[in-house]
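Observations on chain architecture
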Amino acid sequence: MVFDRAGNCVASAQREHAQHFPQPGWVEHDALEIWHCTQTVIGQVVRDAGIAPGDLMAIGIANQRETTVLWDRRNGQPVHRALVWQDTRANDRVRQYVAQYGVEAVRARTGLPLASYFSALKLQWLLDTVPGTRALAEAGHLCFGTIESWLTWNLTGGAGRALHVTDVTNASRTQLMNLATLDWDEELLDLFRIPRAVLPRIVSTSNVLGDVATGALRGVPIAGLVGDQQAALIGQGCFRAGQTKNTYGTGCFMLMNTGEQPVASRHGLLTTVAFQLGDQPARYALEGSIAVTGSLVQWLRDNLQIISHSDDVEKLAAQVTDNGDVYFVPAFSGLYAPHWQEGARGIIAGLTRYATRAHIARAALEACAYQTREVLEAMEQDTGTRIPELRVDGGMIRNELLMQFQADILDLPVVRTHTTESTAFGAACAAGLATGYWQSPEDITRAIGRRWVPCMDATRREHLYSSWKKALQRSLNWIA
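For the structure given in this document, a descriptive report is provided here.

How each quantity is defined
Residues numbered from 1 in each chain as written. Predicted model: local features only at pLDDT ≥ 70, side-chain atom pairs only at ≥ 80, totals over all residues. Heavy atoms only, no water. Helix = DSSP H or I, 4+ residues; strand = E, 2+ residues; numbered from the N terminus. Buried < 20%, exposed > 50% of the residue type's maximum accessible area, 1.4 Å probe, protein only. Axes fitted to C-alpha atoms, helices over the stretch in contact; angles between N-to-C directions. Parallel < 35°, antiparallel > 145°, perpendicular 65-115°, else oblique. Contact = heavy atoms within 4.5 Å. Nonpolar A, V, L, I, M, F, W, Y, C, P; charged D, E, K, R; others polar. Pairing = 2+ DSSP bridges.

With that settled, the discussion passes to unusual backbone geometry. The amide bond that connects Ala 337 to the next residue, Pro 338, takes the cis arrangement and shows omega of -5°. Along the chain, Pro 338 falls in the loop between strand E18 (327-329) and strand E19 (347-349). Phi at Gln 175 takes a positive value of approximately 75°, unusual for a residue other than glycine. For Leu 182, which is not glycine, the phi torsion reads 55° and is therefore positive. With respect to the helices and strands, the residue Leu 182 is situated in the loop between strand E9 (177-178) and strand E10 (183-184). Judged by relative accessible area, Leu 182 falls into the buried class, the value being 19%.

Written as structure tokens, this is what we have:
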């Protein structure tokens, strides 16, 4: 995506890549396919928009965090498919660490509980499982990175001359970086048995790193690297402490900017780096991650087949005026924040002969809003502050029924800017701030695109939420 100074998208191209599910709970991507798709869309957007490299000020990259790539620095070949953030193959390793050290063993240093969500145990699995990789890693022949590291390495020349870097936001999601020092932590590396030689250099989010070496964008500087949810925080203009955004994608990710000091969560949230602009002090955030929201709509489409296209869910749900007392807890692979319950499983509760597929569709959309309220309440409890509004982005914000229900169940205004692609725009902002395209965050225009205000009766609001919480309790500890 190409953005102008006013935050308008002036050109874009996209290409889908394959999802691989070799076993239940395993989720993989082909890193080479992602690189090839990246080259394709760069070429397409340059051709379609008539853009020359000299027309571009800088490049920013936003990426799915935690997704783990391990490749040979000598030839650029991945040793295995990338392990995606949703992948749960390290659950047994998590249980072993928790039994020995407790679930909070590394939270003080990393802001994160022990969980298969993060990169460290995914990387450990690769080093222990793929033949020969640990020896190659210790000899300095392998590179680890999340997707922005992998793409930057390829864009800047590949084997022999490439940059091997990651930014502080992505590094903070590996469970290997110390939040206080913003550097790899030797005790964590020992704990997870990770050779330091495989790790990238940690850089700030907004910083000129180097030029693209080949292809249609040769010579354009890469000046912004940022994890997708922190990118959305930037793209939504949440530069001040207390400002909060929620991204509705495959899952939901809510982040609150907490300023220059990390806030330790007592209510099941993650403490993470929000961003670092150049040499300025890092800003921190509280984050609540919800595993299943948009993917629940895909499940209705692909598994239950009660809709033909994802966009049909709103029309179907609107056929009924309420949920018919049906509640959905989409704990398909456990629950993330604020519960961190890998033994939870999905439940549809309250079914009677009255219930129809429209009620199930409505319950699915409402489940996204209930889970969001849980996380927002946890943030308010951790910080002792009332969030004045929720800024939103992601594919599901086109769903008017969901956004209005979200405002109603939160009793808060829900706001989106006119730039709906906040994640991509946030990466552009990071790059533009590093190169002087924008002098400061205040220079970046963010016009309000839509505002939903609550209009639900308080008694109705609390009845719905408490009923969903009853269903939630029945989903917990389903797998002992």
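Alright, that's what it looks like, and here's the rest.
Our next topic: the packing of helix H13 (residues 400-410) against helix H15 (residues 458-475). Closest axis-to-axis distance for the H13/H15 pair is 9 Å, and the angle between their directions is 100°. Classified by the interaxial angle, the pair formed by H13 and H15 is roughly perpendicular. On H15, the residues touching Phe 405, Asp 408 and Ile 409 of H13 are Arg 461, Leu 464 and Tyr 465. Residues of the contact of H13 with H15, tallied by class, amount to four nonpolar, no polar and two charged.

In this section: the sheet that holds strand E13 (residues 221-227). Across the sheet, three strands lie side by side as E4-E13-E12; this open sheet has mixed pairing. Each end of this open sheet is capped by a strand with a single partner; those strands are strand E4 (59-63) and strand E12 (206-211). The sheet shows a mean angle of 35° between the axes of neighbouring strands, taken without regard to direction. Across three bridges, E12 lies against E13 in antiparallel orientation. Looking across to E13, one finds that Ser 206 is bridged to Gly 224. Contacts from helix H6 (residues 147-155) reach E4, E12 and E13, with the element oriented near 145° to E4. Packing against the sheet, helix H9 (residues 228-235) makes contact with E4 and E13, and its axis sits at approximately 105° to E13.

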